Amino acid sequence: MIRIRGLSKRLGRKQVLDGLDLEIPSGETWVIIGRSGTGKSVLLKHIIGLMKPDAGSIEIDGEDLAAMDESQINEVRKRFGMLFQSSALFDSLSVGENVGLALREHRMMPEDKIRERVTERLDWVGLAGSEKQRPSDLSGGMRKRVGLARAIAMDPQFILYDEPTTGLDPITADVIDQLIRAMQQRMRVTSVVVTHDLASAYKVGDRIAMLHDGKVVFQGTPEETRASRDPLVKQFIEGSSEGPIQV
Amino acid sequence: MEEIAARGARYARRRVADWFAEVGRITLMVGEAARAFVPALRSFRLIVDQMNTIGVGSLWLVTVVSLFTGGVAAVQAAYQFSSVVPLKFIGAVIVRSVIIELGPVLTALVVGGRVGASIAAELGTMKVTEQIDALRAMALNPIRFLVVPRLVASILMLPVVTIYANAIAVFGGFVVATVAIGISGHIYVTGVKQYFFIKDLSSGLLKSMVFGGIIGVMGCYHGFRTEGGAEGVGKATTNAVVASCVLVLITDYLLAHVLFRVIFAS
């Protein structure tokens, strides 16, 4: 379970997160929606310990990240996989080396097992046989899939997705959505998906939470989200520039 | 008037505070790199790759710069010696000036421009495309993977490139001295042999190691501090090169005092 209590973060002059509370039960996929700049990605980076909160706590299965030093946080990070918005593949490494990097560096298994794992995870994301390709040779959708294979290489308990479908055509976006659902069913992981793509949110989310002014202002199932009378949620899902959310 | 003076004082205080903060951050990064040194040896291939990029990759540029530096030194020496010092000392002057000063400093400035910019641009791009965050998210230390190999390679390779640059510069001087100035090759080589001292070479190479460290640290530091997109990478690259060059020249002066007035004073 991921439990966030009173999380606050100021970046420059902007209060990005302002006493945010959220509880994500194990095994569920939660989608965080909200306007650009509302702190969705900042929230993800706090969950995996890439940013330190100004105030509040983030507990991962009861362990508070704020009370840990870097080596303890690293142990927690080994239970996470993260797909970055830009995929963040290492250009100097091949696809196979990207996927197997953490396994090799943490010496989690012998080299032949690592190769098997890399092949298997690339197969799961529909890129079997692409081990030798360079990231620069791949399309945006393929890079996302390699990023996902890398995120699941260590058999994580938690997967974080930062804007997984942004910049992709609708068909490729649907492929990524299906992969997210497939990973959920295959690995029984707890997932947090940050997006402002509502079609994707409805497809992959067990529950949807909406961020506004640094707080969670709504949470519910996709059906509850669609039917919500909350003016903030309504304005966001209708994509209207008129309403309580000022641009 | 008082208001302008107060604003000036506030600005100066802020700049001084920023400077100290920057020195603190650089010190922390170097400390972290020192702690990550032993674990980084496990990924020795990364260090060898960087040695190849920094050393072998700089050879062509260093060859051209050193060849002409030696040539210019010969022409200048001949001009300044005219009717004061016998021309047979040209080899001696070139070998000492190249080995003590011109070789290490010009190599550091040339390699600093090329390598410092390349390190800052590469790490800066990795920062803005979240690759550094990706390493941390996989519980991997970016200092170990990115900083230590570049730092070690810079410190090890700059002296090697400097030895090569020294040899090329002395050869450049030989060509100009024999072809354009008309000194016999034998006299030039005799002067070089007579005035080649190991302590000059040692001091030059020691300076090169320090310069290598400066280039590596500045490239990595400014790369890691990159913010924003392409503009941020451009700024980081410029800052890395400017900081490397300025620090190389200031450190050269300080080392000249330490090496030639204290250590090799006798």
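Bear in mind the structure is a predicted one, so any value in this text is a computation, not a measurement.

Turning our attention to the overall build of chain A. Of the regular secondary structure elements, chain A holds 9 helices and 10 strands. Compactness check: chain A gives a C-alpha radius of gyration of 18 Å against a globular reference of 18 Å for 247 residues, within 12% of the reference. In terms of overall dimensions, chain A has C-alpha extents of about 55 × 45 × 35 Å along its principal axes. Evaluated residue by residue, chain A yields a buried proportion of 43% over its 247 residues.

Here we come to the overall build of chain B. A tally of helices and strands in chain B yields 10 helices and 0 strands. Sequence-ordered secondary structure for chain B, helices as α and strands as β, is α-α-α-α-α-α-α-α-α-α. Along the three orthogonal principal directions, the C-alpha set of chain B runs to about 65 × 60 × 40 Å.

If you look at the interface, chain B gives 10 residues, while chain A gives 15 residues. A per-class count over the side of chain B that touches chain A returns 5 nonpolar, 2 polar and 3 charged.

In this section: the packing of helix H5 (residues 90–128) of chain B against helix H8 (residues 185–194) of chain B. All names here are of chain B. At a minimum axis distance of 7 Å, the contact between H5 and H8 shows a crossing angle of 45 degrees. Relative to H8, the element H5 is oriented oblique. Judged by the twist between their axes, the crossing of H5 over H8 is right-handed. Together, Ile90, Gly91, Ala92 and Val95 of H5 and Tyr188, Val189, Thr190, Gly191, Val192 and Gln194 of H8 make up the contact between the two elements. Residue classes in the contact of H5 with H8 are distributed as 6 nonpolar, 4 polar and no charged.

Our next topic: the sheet that holds strand S7 (residues 158–162) of chain A. Two strands in a sheet stick together by hydrogen bonds in their backbones, pointing the same way (parallel) or opposite ways (antiparallel). Residue and element names in this part refer to chain A. Taken in spatial order, the 6 strands of this open sheet run S6-S7-S8-S3-S9-S10, and their pairing is mixed. The sheet is open, and its two edges are formed by strand S6 (80–83) and strand S10 (215–220), each paired on a single side. Along the sheet, successive strands turn relative to each other by an average axial angle of 20 degrees, direction set aside. Helix-sheet contacts for helix H1 (residues 40–47) involve strand S3 (29–33), S7, strand S8 (190–194) and strand S9 (207–212), and the interaxial angle to S8 is about 150 degrees. Against the sheet, helix H5 (residues 140–151) engages S6 and S7, with an angle of about 170 degrees to S6.

All names here are of chain A. Taken in spatial order, the 4 strands line up as S2-S1-S4-S5 in an open sheet, and their pairing is antiparallel. Pairing within the sheet leaves two strands with one partner each, and these edge strands are strand S2 (14–24) and strand S5 (63–64). Pairing of strand S1 (residues 2–11) with S2 involves 8 bridges; the strand directions are antiparallel. Bridge assignment links Leu11 to a residue of S2, and that residue is Lys14.

If you look at the biggest cluster of nonpolar residues, it comprises 132 residues, and the most contacted ones within it are A:Ile32, A:Leu160, A:Val192 and B:Ile94. In this view, A:Val192 contacts A:Ile24, A:Trp30, A:Ile32, A:Leu44, A:Ile47 and A:Leu160; residues no more than four positions away in its chain are not counted.

What follows deals with helix H10 (residues 230–263) of chain B. Residue and element names in this part refer to chain B. With 34 residues, H10 extends 46 Å from end C-alpha to end C-alpha; this agrees with the ideal 50 Å at 1.5 Å per step. Taken together, the buried positions of H10 are occupied by Val233, Ala236, Thr237, Asn239, Ala240, Val241, Ala243, Ser244 and Val248. Elements in contact with the buried residues of H10: H5 and helix H9 (198–224).

Residue and element names in this part refer to chain A. Looking at chain direction, S1 and strand S4 (residues 55–60) are connected through 5 bridges and run antiparallel. Bridged to Ser8 within S4 is Ala55. In this sheet, S5 lies alongside S4 in antiparallel orientation, the contact comprising 2 bridges. When the sheet's bridge partners are listed, Glu59 is paired in S5 with Asp64.

Residue and element names in this part refer to chain A. With respect to the helices and strands, Ile180 occurs in helix H6 (residues 170–187). For Ile180, a count of 23 C-beta atoms within 10 Å gives the class buried. Non-local contacts of Ile180, meaning those with residues more than four positions away in its chain, are made with Tyr161, Pro164, Ser191, Val193 and Val204.

Residue and element names in this part refer to chain A. Relative to the helices and strands, Gly100 is located in helix H3 (residues 95–105). A count of 26 C-beta atoms within 10 Å places Gly100 in the buried class. Linking Gly100 and Met154, residues 54 residues apart in sequence, is a C-alpha distance of 8.7 Å.

So, on to unusual backbone geometry. Despite not being glycine, A:Ala88 has its phi angle at roughly 55 degrees, a positive value. Relative to the helices and strands, A:Ala88 is located in the loop between S6 and H3. In this structure A:Ala88 comes out as buried when scored by C-beta crowding, with 23 C-beta atoms within 10 Å. For B:Glu130, which is not a glycine, the phi torsion comes out positive at approximately 65 degrees. Turning to its location among the elements, B:Glu130 is positioned in the loop between H5 and helix H6 (131–137).

Caution is warranted with low-pLDDT regions, since their predicted coordinates should not be read in detail. Here chain B averages 92 in pLDDT, while 99% of its residues score no lower than 70. Predicted complex, confidence summary: ipTM 0.91, pTM 0.87.

It is worth spelling out the packing of H9(B) against H10(B) at this point. All names here are of chain B. Viewed as axis vectors pointing N to C, H9 and H10 meet at an angle of 155 degrees, and their least axial separation amounts to 9 Å. Considering the angle they form, H9 stands roughly antiparallel to H10. The two elements H9 and H10 cross, and the hand of that crossing is right-handed. Mapping the contact onto sequence places Ser203, Lys207, Val210, Phe211, Ile214, Ile215, Met218, Gly219, His222 and Gly223 in H9 and Ala236, Asn239, Ala240, Ala243, Ser244, Leu247, Val248, Thr251, Asp252, Leu255 and Leu259 in H10.

Rules and cut-offs
- Residues numbered from 1 in each chain as written.
- Chains lettered and ligands numbered in written order.
- Predicted model: local features only at pLDDT ≥ 70, side-chain atom pairs only at ≥ 80, totals over all residues.
- Helix = DSSP H or I, 4+ residues; strand = E, 2+ residues; numbered from the N terminus.
- Rg over C-alpha atoms; globule rule 2.2 N^0.38 Å.
- Buried ≥ 20, exposed ≤ 12 C-beta atoms within 10 Å, placed from the backbone.
- Contact = placed C-beta atoms within 7 Å.
- Nonpolar A, V, L, I, M, F, W, Y, C, P; charged D, E, K, R; others polar.
- Axes fitted to C-alpha atoms, helices over the stretch in contact; angles between N-to-C directions.
- Parallel < 35°, antiparallel > 145°, perpendicular 65-115°, else oblique.
- Left-handed = near helix turned anticlockwise from the far one by under 90°.
- Pairing = 2+ DSSP bridges.
- Core = buried A, V, L, I, M, F, W, Y, C linked by C-beta atoms within 7 Å.
- Expected span 1.5 Å × (residues − 1).
- pLDDT = per-residue confidence, 0-100.

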